[in-house]
Amino acid sequence: MRRTPARLTLRQRLSRWDMKVSPYLYVLPFFLVFLVIGLYPMVYTGYLSFFSWPRFGAGHGPWVGWENYSHVLKDPVFHKAFWNTIGIFLLSSVPQVIVATVVAALLDTNLRGRTWWRMSVLLPFVVAPAAAALIFGALFADKSGLVNDVLSGIGLPTVQWHANRPASWLAIATMVNWRWTGYNALIILAAMQAIPRDLYEAASIDGASRVKQFLFVTLPSIRPTMIFVIITSTIGGLQIFTEPRLFDTNLQHQGGSSYEYQTLTMYVFNTANSSTNPYPRAAAAAWILFLIIVAFALVNFAITRAVQKRSHA
């Protein structure tokens, strides 16, 4: 004889609905906020980039197609801003991730006062960007900076940090690395502490040195976190704005007298404040920057996965 399943009570039905629906309700506010202040401006910016819009016009003008994109891609200032961004990115994000990984590995050992050390690496991140820019602006001043004083004191020629293109990249990258390395180190450290200690004990019994344990146990185990840190560092490095903007002692130069350290985000900002068709051209530049960031993030993701799989094998 077939048993008829017992009917659920109202409380049991509500409990089932709560288990199924509540996770979506918890994440819904984020997606609603992102829709309003993230996705909609992005879509509207893409729409606006295909029109003309005089600086003091009441609304956008006629459809111009790809003209704004063509203007941006042919602009020599955009080319300078692109290579400035790539240079600062390579000098900041790449060493930053490497040093953050090493610092996290050191903090994962049995250091005396390790809680204090872990808190101290985050102190540069707490400093306001404007204050950090003032500090490093004094260090890398062209005439009276501490770095040039040290160079002249040991018999080396001084450097024009604001006029020399590679030197300005190095100065800005130093500022970025000082501020963000500790932040990334703590993220990587959290992933390292989640690795079971049994893996290290087994590797030690097999005769693996500390270096081999780091290469073949630690790095493969924190692969998802490393991918996250690399991608976020890539996005942040290609969107850098505050540091080069405040590094410019004469803000009217907008990235140096000859655009020595104007970045792509500064180019978007300056284009939006220009006199000729500012908003659509800035929108086109913003979308080009978005595509560049996506391309770099995908390349970094692919390279990181390939390296991690190879080291794991």
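Residues numbered from 1 in each chain as written. Predicted model: local features only at pLDDT ≥ 70, side-chain atom pairs only at ≥ 80, totals over all residues. Heavy atoms only, no water.

A few words now on the environment of Trp63. Take Trp63: it is sitting in the loop between helix H1 (10-48) and helix H2 (67-74). What makes Trp63 exposed here is its relative accessible area of 58%. Once the C-alpha coordinates of Trp63 and Phe51 are considered, the two residues, 12 residues apart in sequence, prove to be 4.4 Å apart. (Helix = DSSP H or I, 4+ residues; strand = E, 2+ residues; numbered from the N terminus. Buried < 20%, exposed > 50% of the residue type's maximum accessible area, 1.4 Å probe, protein only.)

Bringing the packing of aromatic side chains into the picture now. Tallying each qualifying case throughout the model produces 23 aromatic pairs. With a centroid separation of 5.1 Å and an interplanar angle of 75°, the aromatic rings of Phe30 and Phe31 are classed as edge-to-face. Using a relative accessible area of 55% as the deciding quantity, one classes Phe30 as exposed. Among the aromatic residues, those joined into a cluster by ring pairs are Tyr40, Tyr44, Tyr47, Phe50, Phe51, Trp63, Trp66 and Tyr69. (Phe/Tyr/Trp six-rings, centres within 6.5 Å; stacked < 30°, edge-to-face > 60°.)

The next subject is the UniProt feature "transmembrane region" (unreviewed entry) in the protein. Per the UniProt record, "transmembrane region" (unreviewed entry) is found at residues 21-43, 81-107, 119-141, 180-200, 221-241 and 284-303. The straight-line gap between the two end C-alpha atoms of residues 21-43 is 29 Å; of that span, 100% is helix and 0% is strand. Taken end to end, residues 81-107 is 100% helix and 0% strand, and its first and last C-alpha atoms sit 37 Å apart. (UniProt positions renumbered as here; feature names shortened; annotations may be inferred.)

Running from amino to carboxyl end, helix H8 (residues 165-193) crosses helix H11 (residues 223-238) at an angle of 165°, the nearest separation of the two axes being 10 Å. Considering the angle they form, H8 stands roughly antiparallel to H11. With respect to the hand of their crossing, H8 and H11 are arranged in right-handed fashion. Counting all contacts with H8, which are made through Asn184, Ile187, Ile188 and Ala191, the residues of H11 involved are Thr225, Met226, Phe228, Val229 and Ser233. Considered class by class, the residues forming the contact of H8 with H11 number 6 nonpolar, 3 polar and no charged. (Axes fitted to C-alpha atoms, helices over the stretch in contact; angles between N-to-C directions. Parallel < 35°, antiparallel > 145°, perpendicular 65-115°, else oblique. Left-handed = near helix turned anticlockwise from the far one by under 90°. Contact = heavy atoms within 4.5 Å. Nonpolar A, V, L, I, M, F, W, Y, C, P; charged D, E, K, R; others polar.)

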